[in-house]
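Working through the structure, step by step
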Amino acid sequence: MTTTRPKDQWRRWIAENLLLGNPPEVIRAALASNGFTEEEAAREVAGALASPYVLGATRVANRLRKREWTLTVYGRLARMRADGGEIVRRERLSRDEFFEEYYFQNRPVIITGMLKSWPALTKWDFDYLRETCGGNEVEVQFGRESDENYEINGPRHKRLMPFREYVDMVEAAGTTNDFYMTANNASRNQRALDVLWDDIDPVSEYLDGGEVKGRSFFWLGPPGTKTPYHHDLTNNFMAQVMGRKRVRMVPMHDTAHVYNTLHCYSEVDGSDVDYDKFPAMRKAQVLECTLAPGELLFIPIGWWHYVEGLDATITMSFTNFLKYNDFASDYTTYQHL
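Below, the structure is looked at part by part. Bear in mind the structure is a predicted one, so any value in this text is a computation, not a measurement.

1. Some details on the overall build of the chain
If you tally the helices and strands in the chain, you get nine helices and 15 strands. Overall size of the chain, expressed as C-alpha extent along the three principal axes, is 75 × 45 × 30 Å. Relative to its full complement of 337 residues, the chain shows a buried share of 48%. Excluding contacts between residues fewer than 6 apart, the proportion of contacts in the chain whose partners are at least 24 apart in sequence is 79%. Of the roughly 17100 Å² of accessible surface on the chain, 50% is carried by carbon and sulfur atoms. Averaging the locations of the 40 positively and 48 negatively charged side chains of the chain gives two centres separated by 6 Å.

Here is the structure:
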């Protein structure tokens, strides 16, 4: 072989592409364009096709394809619903309606009217944040725009600073994704911003009020903040307090189309999908909404979502539902998929 890439890496690549269903002739052509002679490419692909290891793995791959087909059936049926192409808004859903129609059925919904009693909706602005806990030290993510994998590399971007200084930055900033206070900063910030939790009610119609502080999270950022496509390991509520956010969501049953390469992350840029690079995204159903202050968005477990701040925003998120939500306990695919 004339290529400098280690032989075993190429053989692993060949096996993976065969198991993904790519035609042998396409694999041979790719090898030839990367330094292999035609004879070498043909020999390597033929060897992989005859390998008992690849033949055994093919049986496993076929089982996975069967499961993907099952999910595709669910997806087609979901699109047939009268409201299957949108994230509906429902006014003050009852507990039974929410759990029976959305939580148990893994369907998103925007609930309106449930946050009217929150003092936060009228009290939280930049001055109030500075006055109540401006002197406390908080953790924020910085340097996001210089790292295309800023979410995966989140721990590298943590910085400590007085909350007052961060609020000043958000207020003065234009559109940027370079700094953002997110749920990844929660362990320190829940203590630093503890007093703010007095301004929110527990939404006890759906949530366990006794577990609010340990399983709720404060987000604050300027216009332009982005959370890339990912899925969570729990069901989540997004409660919008200040500003608007654009949310794009892909159902869990379309996971095969979103280029999931590591843990819960996708390679696809939710702000501008490159369909030439990621053609399977054309098969994914993308639902979009703009979340306004006072609205509560239910993000079902496993649903891929991309979030973008249209204004300076404050969001609270919650995982302390009254029903079972410990789906992470048997999740094992944290590494490369």
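2. Remarks on the layout of surface pockets
Taken as a whole, the largest pocket encloses approximately 1900 Å³ of empty space. Glu 68, Thr 255, Ala 256, Asn 260 and Leu 337 are, among the 39 residues lining the largest pocket, the residues nearest its centre. Sorting elements by how many residues they give to the lining of the largest pocket places helix 4 (residues 52–79) first, with 11 residues. Here the lining of the largest pocket is composed, by residue class, of 15 nonpolar, 15 polar and nine charged.

3. Side note on the sheet that holds strand 15 (residues 313–318)
The six strands are arranged 1-2-13-8-15-6 in an open sheet whose pairing can be described as mixed. Whereas interior strands pair on both sides, the edge strands pair on one side only; in this sheet they are strand 1 (89–91) and strand 6 (216–221). Strand-to-strand, the axes of this sheet are offset by a mean angle of 25 degrees, without reference to chain direction.

4. Regarding the packing of helix 1 (residues 7–19) against helix 2 (residues 24–32)
Running from N to C, helix 1 and helix 2 point in directions that differ by 155 degrees, and their axes come no closer than 10 Å. Here helix 1 lies roughly antiparallel to helix 2, going by the angle between them. Our pair here, helix 1 against helix 2, has a crossing hand that is right-handed. Contacts from Trp 10, Trp 13, Ile 14, Asn 17 and Leu 18 of helix 1 reach helix 2 at Pro 24, Ile 27, Ala 30 and Leu 31. The residue makeup of the contact of helix 1 with helix 2, split by class, is eight nonpolar, one polar and no charged.

5. Considering the packing of helix 1 against helix 4
It is at 9 Å that the axes of helix 1 and helix 4 come closest, and there the two elements cross at 40 degrees. One way to sum up the angle between helix 1 and helix 4 is to call them oblique. Here the hand of the crossing between helix 1 and helix 4 comes out right-handed. Contact residues: Ala 15, Leu 18 and Leu 19 in helix 1; Val 54, Ala 57, Thr 58, Ala 61 and Arg 65 in helix 4. Of the residues contributing to the contact of helix 1 with helix 4, the split by class is six nonpolar, one polar and one charged.

6. So, the packing of aromatic side chains
Per the stated rule, a full pass over the model turns up 26 aromatic pairs. Ring centres of Tyr 103 and Phe 321 lie 5.1 Å apart, and the angle between their planes is 55 degrees; this geometry places the pair in the tilted category. Residue Tyr 103 is found in helix 5 (residues 95–103), and its partner Phe 321 is found in the segment after strand 15; the two are separated by 218 residues along the sequence. In this structure Tyr 103 comes out as buried when scored by relative accessible area, which is 7%. Judged by relative accessible area, which is 5%, Phe 321 ranks as buried. Three or more aromatic residues joined by ring pairs form one cluster here, namely Phe 98, Phe 99, Tyr 103, Phe 104, Tyr 206, Phe 237, Phe 298 and Phe 321. Positioned above the aromatic ring of Phe 142 is the side chain of Arg 159, whose terminal nitrogen or guanidinium carbon lies 3.9 Å from the ring centre.

7. Looking at the nonpolar core
Of all hydrophobic cores here, the largest spans 49 residues; its most connected members are Phe 98, Phe 163 and Phe 218. Discounting chain neighbours no more than four positions away, the residues touching Phe 98 are Leu 93, Tyr 103, Val 109, Ile 111, Tyr 206, Phe 237, Phe 298 and Phe 321. Membership of the second largest hydrophobic core comes to 12 residues, among which are Ile 87, Cys 289, Trp 303 and Val 307.

8. Some remarks on the sheet that holds strand 5 (residues 179–180)
Taken together, the three strands give an open sheet; going across it, the order is 4-3-5, and neighbouring strands pair in antiparallel fashion. Lying at the two open borders of the sheet, with one neighbouring strand each, are strand 4 (158–162) and strand 5. In this sheet, strand 5 lies alongside strand 3 (residues 137–142) in antiparallel orientation, the contact comprising two bridges. Across the sheet, Gln 141 pairs through a bridge with Tyr 180, a residue of strand 5. Each of strand 3, strand 4 and strand 5 touches helix 8 (residues 163–172); the most contacted strand, strand 4, lies at about 105 degrees to it.

9. A word on the pattern of salt bridges
Note that side chains of opposite charge can pair when their charged atoms are close. Taken as a whole and judged by the stated rule, the model has 18 salt bridges. A salt bridge links Glu 101 to Arg 90; the shortest N-O distance between them is 3.1 Å. Residue Glu 101 is found in helix 5, and its partner Arg 90 is found in strand 1; the two are separated by 11 residues along the sequence. Arg 130 is the partner of Asp 168 in a salt bridge, and the nearest nitrogen-oxygen pair spans 2.7 Å. Here Arg 130 lies in helix 7 (residues 126–133) and Asp 168 lies in helix 8, a separation of 38 residues in the sequence. With relative accessibility at 36%, the residue Asp 168 sits in the partly exposed group.

Procedures and definitions
Counting from 1, residues in each chain are numbered in the order their sequence is written. Residue-level local features of this predicted model are given only where pLDDT is at least 70; pairs of side-chain atoms are given and counted only at 80 or more, and the full residue set underlies all totals for whole chains, interfaces and linings. Excluded from the side-chain calculations are hydrogens and water; all other atoms, namely the structure's heavy atoms, are used. Numbering of helices and strands runs from the N terminus, with a helix taken as a DSSP run of H or I at least four residues long and a strand as a DSSP run of E at least two residues long. Between buried and exposed lies partly exposed: a residue is buried under 20% and exposed over 50% of the maximum accessible area for its type, with that area taken using a 1.4 Å probe on protein chains only. Residue contacts are defined here by distance: any two heavy atoms, one from each residue, within 4.5 Å place the two residues in contact. Areas reported here follow the Shrake-Rupley algorithm with a probe of radius 1.4 Å; residue values treat only the protein chains shown as occluding. We treat Lys and Arg as the positive residues and Asp and Glu as the negative residues; His and chain ends play no part in the count. Just so you know, the charge point we use is NZ for Lys, CZ for Arg, CG for Asp and CD for Glu. Buriedness for pockets is judged along seven lines, at least five of which must meet protein on both sides within 12 Å for an open set on the 1 Å grid over protein atoms alone, while cavities are sets there where a 1.4 Å probe fits but cannot get out, and lining residues have an atom within 4 Å of a point. Grid points are joined across faces, edges and corners, and a volume is the space filled by probe spheres set on the points. Nonpolar residues are Ala, Val, Leu, Ile, Met, Phe, Trp, Tyr, Cys and Pro. Charged residues are Asp, Glu, Lys and Arg, and all others, Gly as well, are polar. At least two DSSP bridges between two strands are needed for those strands to be called paired. For helices, the axis comes from a line fit to the C-alpha atoms of the stretch in contact; other axes are also lines fit to C-alpha atoms, and the angle between any two N-to-C directions lies between 0 and 180 degrees. Reported orientations rely on four angle classes, namely roughly parallel under 35 degrees, roughly antiparallel over 145, roughly perpendicular from 65 to 115, and oblique for the rest. Take the far helix as the reference: if the near one is turned anticlockwise from it by less than a right angle, the crossing is left-handed, and if turned clockwise, right-handed. Between the rings of Phe, Tyr and Trp (Trp by its six-membered ring), a pair exists once the centres lie within 6.5 Å; its type follows the angle of the planes, with under 30 degrees stacked, over 60 edge-to-face, and the other angles tilted. Geometrically, a lysine NZ or arginine CZ counts as sitting over a ring once it is within 6 Å of the ring centre and also within 35 degrees of the ring normal. The term nonpolar core refers to a set of buried residues drawn from Ala, Val, Leu, Ile, Met, Phe, Trp, Tyr and Cys, joined through side-chain atoms within 4.5 Å. Within this document, salt bridges are pairs made up of a side-chain nitrogen of Lys or Arg and a carboxyl oxygen of Asp or Glu, the two lying within 4 Å of each other.

Note that every value here comes from positions in space, so none of it alone points to a role or purpose.
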